Amino acid sequence: MTWRPQYRSSKYRHVFGKPATKENCYDGVPITRSVHDNHLCTVNPRFIAVITECAGGGAFLVLSINHTGKVDPHHPKVSGHRGNVLDIKWNPFNDFCIASCSEDTTVKIWDIHEHGVLKNITVPRKELQGHSRRVGLIEWHPTAENIIFSTGYDYQVMVWKLDVPEQVIKNPVRSISVHSDVVLSMSFNTDGSRLATSCKDKKIRVIDPRTGTLLQETNCKSHKASKVLFLGNLKMLLSTGSSRWNHRQIALWDQEDLSQPSYSEDLDGSSGVLFPFYDPDTHMLYIAGKGDGNIRYYEISPEKPYVHYLTEYRSLLPQKGMGVMPKRGLDVCSCEIFRFYKLVTIKSLIEPLSMIVPRRVSTQFCSHMHSNTKKKYMTKSPVMMSLRPGSKLDSYVELGSGKDPTDSMETQHSRSRPGLSLLIQERLDAKEGNARKVSPPTSLLPSTDEKSSSTTYVSNGQLDSTHCSPPKTENELRQMFYKQQEEIRRLKEHLNQKDVRIKQLELEIKNVRNSQANL
């Protein structure tokens, strides 16, 4: 019998990577030369932050997401650490709050102005002191606000609560002591009820973050894990590391049984650390190697063989670290499903890389996982928002319920329906009594404070001096330019949403006329 290859149909078979043009990259960024195996970069829809090389302590750079091109060598930095900065993470509940950890054994929380870093910031909002050795990793809780986890070279995982009046916090809420060596990575599941860690002792552990109880632990000698990642709601873990023959390897685990991997695959014989990234909406897994120029991507399914190779993005520029844009910052109108920010040290360059699905834009889009606005340490599903073009941020409704989510934020979770046209959505909402609207998180909206407003008022081509005084220094002129660029971007987004709405209404009218003509 003639052998025939087995092909698997996939909607994402032809996903391709589209690097940004030179003018849309961030050039001249002094990327750190640290050998620490972290992403070294973090991104949200407003800012990109990257750890930089700095003499006399640690620092990181915060740039507006639209501030592309050549970066000023004297651009202000966040430089309050006494040692090298090892990890930075944006607060998922607040686009203007970022956390950093350092070799000086502290974790610091910083507030960023809505127009960016206007001058060097050296005083944090909060300082967390509790580790006895340098702190290598930090991770925000995905569904509980003001909760952050840190781990250092003292083998401790500490839980911190930030909504306290003290500026310096010396006592963590809990200290988890189940590791025998340095923790290499941390990952939460979707609702934050489980914390997975990989350790230098080659073991993966699953921990209850509320009690600090060790739930599962691997004892597999054929896989040395370096990074671990929860795969959304699939109740599976993915780890990257090396085999006993020192080949780079990926392995898939059942989170309830870590005795043996459900799936493992050797990739190559390189030595760089593999960074895994997972998109729960498309079930796509991206594997990027430190020092590599390529990014492999796979599709994950809940049935065997679980991992299905799709294709690979290749580039001659090696990445030292990677930042990932949250879903709410993607351009879904261009069929963008994922966006990386590659740190290219040899060129002092940050290169945005968009993952594009080559198909026609339709009214069906994935839901985006958006952070809850809870203040208590809850283990509930996160709030979802629709990425449908033309949909508004304030149209959060709970799926299949007529209740306003603000009536009981402790038990209600709002989800919008993806894949429905706006008119059908409105009809369903009116029928089910879901016409109420909830205000979106304040971090997603432009500021309405008159003192910090970024709007430049123009009347008949003249600058309205009653609302804005002319810039007096070069720094003020630069900030005024950034404000105007941000305002232009917002207006363009607003016009695009209006255009999509008009096209959808025209289509609805055409369908109604055709149905009447047939009658």
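Definitions and limits used
Residues numbered from 1 in each chain as written. Predicted model: local features only at pLDDT ≥ 70, side-chain atom pairs only at ≥ 80, totals over all residues. Heavy atoms only, no water. Helix = DSSP H or I, 4+ residues; strand = E, 2+ residues; numbered from the N terminus. Buried < 20%, exposed > 50% of the residue type's maximum accessible area, 1.4 Å probe, protein only. Contact = heavy atoms within 4.5 Å. Areas by Shrake-Rupley, 256 points an atom, 1.4 Å probe, with all protein chains shown as cover. Polar contact = N/O pair within 3.5 Å; in protein donor to acceptor, adjacent residues only side chain to side chain. Phe/Tyr/Trp six-rings, centres within 6.5 Å; stacked < 30°, edge-to-face > 60°. Lys NZ or Arg CZ within 6 Å of the ring centre and 35° of its normal. Pairing = 2+ DSSP bridges. Axes fitted to C-alpha atoms, helices over the stretch in contact; angles between N-to-C directions. pLDDT = per-residue confidence, 0-100. Core = buried A, V, L, I, M, F, W, Y, C linked by side-chain atoms within 4.5 Å. Expected span 1.5 Å × (residues − 1).

A. Fine view of the overall build of the protein chain. On a plain count of helices and strands, the protein chain comes out with 2 helices and 35 strands. Among the 519 residues that make up the protein chain, the fraction classed as buried is 52%. Here the contacts in the protein chain between residues at least 6 apart in sequence split such that 54% fall between residues at least 24 apart. Carbon and sulfur atoms provide 50% of the accessible area of the protein chain, an area that totals close to 25,500 Å².

B. Spotlight on the side chain of Glu 312. Among the secondary structure elements, Glu 312 is positioned in strand β28 (residues 307-313). The exposure class assigned to Glu 312 is buried, which follows from its relative accessible area of 19%. At a separation of 2.2 Å, a polar atom in the side chain of Glu 312 contacts the side chain of Asn 294. For Glu 312, the residues in contact, after removing those within four places along its chain, are Asn 294, Ile 295, Arg 296 and Tyr 297.

C. Representation of the packing of aromatic side chains. Per the stated rule, a full pass over the model turns up 12 aromatic pairs. Ring centres of Tyr 298 and Tyr 309 lie 5.5 Å apart, and the angle between their planes is 70°; this geometry places the pair in the edge-to-face category. Highlighted residues: Tyr 298 in strand β27 (residues 295-300) and Tyr 309 in strand β28, separated in sequence by 11 residues. Among the residues examined, Tyr 298 registers a relative accessible area of 1% and is labelled buried. Tyr 309 gets classed as partly exposed once you look at its relative accessible area, which sits at 42%. Put simply, the rings of Phe 277, Tyr 286, Tyr 297, Phe 338 and Phe 340 pair up and form one aromatic cluster. The ring of Trp 245 carries the charged tip of Arg 244 above its face, separated from the ring centre by 5.9 Å.

D. Spotlight on the sheet that holds strand β23 (residues 248-254). Pairing in this open sheet of 4 strands is antiparallel, and the strands run β21-β22-β23-β24 from one edge to the other. Single-partner strands in this sheet number two, and they are β21 (223-230) and β24 (263-268). Averaged over neighbouring strand pairs, the angle between their axes works out to 25° when direction is ignored. By the bridge criterion, 7 bridges tie strand β22 (residues 236-243) to β23 in an arrangement that is antiparallel. Looking at the pairing, Thr 240 lines up with Ile 250 of β23.

E. Structural view of the environment of Pro 76. Along the chain, the position of Pro 76 falls in the loop between β6 (69-70) and β7 (78-81). With 14 residues separating them along the chain, Pro 76 and Val 62 place their C-alpha atoms 8.3 Å apart. For Pro 76, the residues in contact, after removing those within four places along its chain, are Leu 61, Val 117, Leu 118, Lys 119 and Asn 120.

F. Up close: the confidence of the model for the protein chain. Residues of the protein chain with pLDDT of at least 70 account for 78%, and the chain-wide mean is 80. Throughout residues 1-5 the model reports pLDDT below 50, and contacts reaching past four residues in sequence, or to other chains, amount to 0 contacts. The model gives residues 392-467 a pLDDT under 50, and that stretch makes 129 contacts with residues more than four places away or in other chains.

G. Expanded view of the sheet that holds strand β4 (residues 47-52). Taken together, the 4 strands give an open sheet; going across it, the order is β3-β4-β5-β7, and neighbouring strands pair in antiparallel fashion. The open sheet has two edge strands, β3 (41-43) and β7, and neither has a second partner. Taking the axes of each pair of neighbouring strands and ignoring which way they run, one obtains an average angle of 20° across the sheet. Here strand β5 (residues 58-64) runs beside β7; their pairing, made up of 2 bridges, is antiparallel. Each residue of the ladder has a partner; that of Gly 58, found in β7, is His 81.

H. Examining the nonpolar core more closely. Residues Tyr 26, Ile 48, Phe 60, Val 62 and Ile 112 are the most contacted members of the largest nonpolar core, which totals 32 residues. Contributions of two or more residues to this core are made by β3, β4, β5, β8 (85-90) and β30 (336-344). With 5 residues, the top contributor of residues to this core is β4. The contact partners of Ile 48, leaving out residues within four places of it in the chain, are Tyr 26, Cys 41, Thr 42, Val 43, Leu 61, Val 62, Leu 63, Ser 64, Ile 65, Tyr 341 and Ile 350.

I. Looking closely at the environment of Val 332. Turning to its location among the elements, Val 332 is positioned in the loop between β29 (321-324) and β30. In sequence terms Val 332 and Ile 356 are 24 residues apart; their C-alpha atoms lie 9.4 Å from each other.

J. Region of interest: helix α2 (residues 474-518). The terminal C-alpha atoms of α2, which comprises 45 residues, lie 66 Å apart, in line with the 66 Å expected from a rise of 1.5 Å per residue. Every buried residue of α2 is listed here: Gln 479, Met 480, Tyr 482, Glu 486, Glu 487, Arg 490, Gln 504 and Glu 508.

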